[in-house]
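Residue-level listing of the chains:
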Amino acid sequence: MIPIETYIGNLILTEQFKNIHGSIVECGVWRGGMIAGVAELLGKDRNYFLFDSFEGLPPAKEIDGYAANAWQNDKNSPLYLDNCKAEMSFAEKAMKMSGAKNFKLIKGWFSDSLPKYSFDEKIAILRLDGDWYDSTIDCLTSLYDKVNKGGVIIIDDYYVWDGCSKAVHDYLSKKGLTAKIRQSADGICYIIKD
Ligand SMILES: C[S@@+](CC[C@H](N)C(=O)[O-])C[C@H]1O[C@@H](n2cnc3c(N)ncnc32)[C@H](O)[C@@H]1O
């Protein structure tokens, strides 16, 4: 799903954080293409966690903006992709192909699965790709504090969907954080945890 330039940009950015200790987490996995690429890059000995409903996106709300609602209503568009619905087996196969030994797929809505999930170690790389406001803020609320100092939070949809950028602003503002919203040379949005 991710354009090739953005895909490579994600790998280049991820590589800069390979020495940070901790797990690799992606929220919003679809068929697992991006996280499997990350796993191939970072190696088989890291711990990978893949969170997704595996039922597609929840309904967009007004806060997600006109474009998000228009996209979700246009079910005949070739970009609709069955509302980003994918069977778990795709991501599982992609992760096996990456060579990763330690990976878990956690099925469920972020609001249910994330608050109760307990990790054995901090998170080094957190990739958020859940598109909408609620999805993004649910991830930040549950996982931001679990990211290791010097670790990275990559926000796939920051420049794409209004709800995603608003969720990031609202979360940082609500918590009174001064973290900088950065952009890599390839145009990828990220935050370094301080
Ligand atoms: C754009 S796709 C992810 C693309 C993927 N990272 C890739 O490498 O191709 C968005 C994914 O987020 C998931 N998603 C969005 N909001 C969610 C939520 N609140 N709870 C669980 N899954 C969610 C959807 O099921 C979908 O698989």
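Just above, that's the structure.
In this text the structure is predicted, and so the values were computed from the model without any measurement.

The rules behind each value
Residues numbered from 1 in each chain as written. Predicted model: local features only at pLDDT ≥ 70, side-chain atom pairs only at ≥ 80, totals over all residues. Heavy atoms only, no water. Core = buried A, V, L, I, M, F, W, Y, C linked by side-chain atoms within 4.5 Å. Buried < 20%, exposed > 50% of the residue type's maximum accessible area, 1.4 Å probe, protein only. Helix = DSSP H or I, 4+ residues; strand = E, 2+ residues; numbered from the N terminus. Contact = heavy atoms within 4.5 Å. Near = heavy atom within 4 Å. Polar contact = N/O pair within 3.5 Å; in protein donor to acceptor, adjacent residues only side chain to side chain. Areas by Shrake-Rupley, 256 points an atom, 1.4 Å probe, with all protein chains shown as cover. 1 Å grid on protein atoms, 1.4 Å probe; cavity = no way out; pocket = protein on both sides within 12 Å on 5 of 7 lines; lining within 4 Å. Sits in = over half its atoms within 2 Å of the grid points. Points joined across faces, edges and corners; volume = space filled by probe spheres on them. Nonpolar A, V, L, I, M, F, W, Y, C, P; charged D, E, K, R; others polar.

Moving on, we come to the nonpolar core. General note: in soluble globular proteins, nonpolar side chains tend to be found buried as a group. Among the nonpolar cores identified, the biggest contains 40 residues, and Val-25, Cys-27, Phe-51, Leu-126 and Ile-153 are the most heavily contacted of them. For this core, the secondary structure elements donating two or more residues are strand 1 (23-27), strand 2 (47-52), helix 3 (66-73), strand 4 (123-128), helix 7 (133-143), strand 5 (147-155), helix 8 (162-174) and strand 7 (189-192). Once residues within four sequence positions are removed from consideration, Leu-126 is found in contact with Val-25, Cys-27, Leu-143, Val-147, Val-152, Ile-153 and Ile-154.

Let's shift gears to the site of the ligand. As a structural note, the neighbourhood of the ligand is formed by 22 residues, with Gly-28, Asp-52, Phe-110, Asp-129 and Ser-135 the closest of them. At 3.2 Å, a side-chain N or O of Glu-26 approaches a nitrogen atom of the ligand. Within the side chain of Asp-129, an N or O atom sits 2.8 Å from a nitrogen atom of the ligand. When the ligand is considered free in solution it has 600 Å² of accessible area, and contact with the protein chains removes 97% of it. Under a 2 Å grid-point criterion requiring more than half of the atoms, the pocket assigned to the ligand is the largest pocket.

If you roll a probe as big as a water molecule over the atoms, it shows you where there is empty space left. Estimated volume of the largest pocket: approximately 850 Å³. Lining the largest pocket are 40 residues, with Met-1, Leu-57, Cys-84, Asp-129 and Asp-131 positioned closest to its centre. For the lining of the largest pocket, the elements supplying multiple residues, two or more each, are helix 1 (4-15), helix 2 (33-42), helix 4 (81-84), helix 6 (110-113) and helix 7. A per-element tally of the lining of the largest pocket places helix 7 first, with 3 residues. Taken together, the residues of the lining of the largest pocket sort by class into 19 nonpolar, 10 polar and 11 charged. There is about 170 Å³ of room inside the second largest pocket. Taken together, Ser-23, Asn-47, Tyr-48, Phe-49, Asn-102, Phe-103, Lys-104, Tyr-117, Ser-118, Phe-119, Asp-120 and Glu-121 make up the lining of the second largest pocket. Of all elements in the fold, only strand 2 and strand 3 (102-107) reach the threshold of two or more residues within the lining of the second largest pocket. Among the residues making up the lining of the second largest pocket, the classes are represented as 5 nonpolar, 4 polar and 3 charged.

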